[in-house]
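Inside the fold
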Amino acid sequence: MTIVTARFDDPDARMLNDLVQAEYAERYGGEGDVTPLDAGMFVPPHGLYLLVYDDAGRPVGTGAWRAHEAAEEGYAPGDAELKRMFVRREARGRGLARKVLARLEEEARAAGRTRLVLETGTRQPEAIGLYRSSGFTELPFEQGFGTYRDSPESVFFAKSLLP
């Protein structure tokens, strides 16, 4: 497995984004995640986008974070929001998501971010388990943030990046 920094508009990133959107649509209905995202949100030092390749060079996973400087949509200054954590079905169960998550946490801390936050859904028990086992704390629903802050199917997590 190889983890590389990439752009959100890289062809492999777009292909994997289409797969994760299809999975969201399958689990929740609709068109997938409608959070507005663009490639500029994931350019260091204000964000980071990672691609994971297997030993045969096939793109099998992604993960990213983007900075929030102001308290908009429920975010706090210093937040780094996780986005697009995804591993293709055929590559799951190998610890790839955990490795990507650790790298994103490390890079966000190095960029001066003070808290890592994320929103996931109730129909993603694998993601919920990953975040809980990685030291994230579930936030009360009223402390939600982002596009899905009012959705009853949302679960919000945070982890301090301070020493």
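Everything here concerns the structure above.
Bear in mind the structure is a predicted one, so any value in this text is a computation, not a measurement.

Some words on the overall build of the protein chain
Looking only at helices and strands, one finds 3 helices and 7 strands in the protein chain. Along its sequence from the N terminus, the protein chain presents helices and strands in the succession β-α-β-β-β-α-β-α-β-β. For the protein chain, whose C-alpha radius of gyration is 15 Å, the value lies close to the compact-globule estimate of 15 Å for 163 residues. Among the 163 residues that make up the protein chain, the fraction classed as buried is 47%. Sequence-distant contacts in the protein chain: of pairs separated by 6 or more residues, those separated by 24 or more amount to 65%.

What about the pattern of salt bridges?
One pass over the full model with this rule turns up 17 salt bridges. Of the charged contacts in the structure, one is a salt bridge between Arg-89 and Glu-23, with a shortest N-O distance of 3.6 Å. Within this pair, whereas Arg-89 is found in the loop between strand S4 (79-87) and helix H2 (96-110), its partner Glu-23 is found in helix H1 (residues 11-28), the two being separated by 66 residues in sequence. By relative accessible area, Arg-89 is classed as partly exposed at 46%. Among the charged side chains, a salt-bridge network with shared partners connects Glu-23, Glu-26, Arg-27, Arg-89, Arg-92 and Glu-126.

Quick look at the nonpolar core
Membership of the largest hydrophobic core comes to 25 residues, with the highest contact counts inside it found for Leu-82, Leu-104, Tyr-131 and Phe-136. Looking at this core, the elements that each hand over two or more residues are strand S2 (47-53), strand S3 (59-68), S4, H2, strand S5 (115-121), helix H3 (125-133) and strand S7 (154-160). The element that contributes the greatest number of residues to this core is H2, accounting for 5 residues. Discounting residues that sit within four places of it in the chain, Phe-136 has contacts with Leu-82, Leu-101, Leu-116, Leu-118, Tyr-131, Phe-157, Ala-158 and Lys-159. Leu-16, Tyr-24, Leu-51 and Tyr-53 belong to the second largest nonpolar core, which has 14 residues in total.

What to know about the packing of aromatic side chains
Under the definition given, this model contains 8 aromatic pairs. Residues Tyr-75 and Phe-145 carry aromatic rings whose centres are separated by 5.2 Å and whose planes lie at 40° to one another, so their mutual orientation is tilted. Taken together, the residues span a long stretch of sequence, with Tyr-75 in the loop between S3 and S4 and Phe-145 in the loop between strand S6 (137-138) and S7 at a distance of 70 residues. Given a relative accessible area of 1%, Phe-145 falls into the buried group. Every member of this aromatic cluster is reached through a ring pair, and the members are Tyr-75, Phe-141, Phe-145 and Phe-156.

Remarks on the environment of Arg-109
Mapped onto the elements of the fold, Arg-109 is located in helix H2. According to the relative accessible area criterion, Arg-109 is partly exposed, its value standing at 39%. Between the alpha carbons of Arg-109 and Leu-162 there is a distance of 7.7 Å; along the sequence they are 53 residues apart. Among residues more than four places away in sequence, those in contact with Arg-109 are Ser-160 and Leu-161. Engagement of the side chain of Arg-109 in a polar contact is seen with the backbone oxygen of Leu-161, the distance being 3.0 Å.

Here we look at H1
Taking 1.5 Å per residue as the helical rise, H1 with its 18 residues ought to reach 26 Å, and the 26 Å between its terminal C-alpha atoms agrees with that figure. For H1, every residue scored as buried is listed here: Ala-13, Leu-16, Asn-17, Val-20, Gln-21, Glu-23, Tyr-24 and Arg-27. The arc enclosing the buried residues of H1, seen along the axis, measures out at 160°, which places them on a common side. Exposed residues pointing more than 90 degrees away from the buried face of H1 are listed as Pro-11, Asp-18 and Glu-26. Of the surrounding secondary structure, the elements contacted by the buried residues of H1 are S2, S3, S4 and H3. Capping the start of H1, Asp-10 holds a side-chain oxygen 2.7 Å from the backbone nitrogen of Asp-12, two or three residues further along. In the stretch just after H1, Gly-29 is the one whose phi turns positive, near 80°.

Each value, and the rule that gives it
Residues numbered from 1 in each chain as written. Predicted model: local features only at pLDDT ≥ 70, side-chain atom pairs only at ≥ 80, totals over all residues. Heavy atoms only, no water. Helix = DSSP H or I, 4+ residues; strand = E, 2+ residues; numbered from the N terminus. Rg over C-alpha atoms; globule rule 2.2 N^0.38 Å. Buried < 20%, exposed > 50% of the residue type's maximum accessible area, 1.4 Å probe, protein only. Contact = heavy atoms within 4.5 Å. Salt bridge = Lys/Arg side-chain N within 4 Å of Asp/Glu carboxyl O. Core = buried A, V, L, I, M, F, W, Y, C linked by side-chain atoms within 4.5 Å. Phe/Tyr/Trp six-rings, centres within 6.5 Å; stacked < 30°, edge-to-face > 60°. Polar contact = N/O pair within 3.5 Å; in protein donor to acceptor, adjacent residues only side chain to side chain. Expected span 1.5 Å × (residues − 1). Arc of directions from axis to C-beta.

In short, geometric facts, not functional conclusions.
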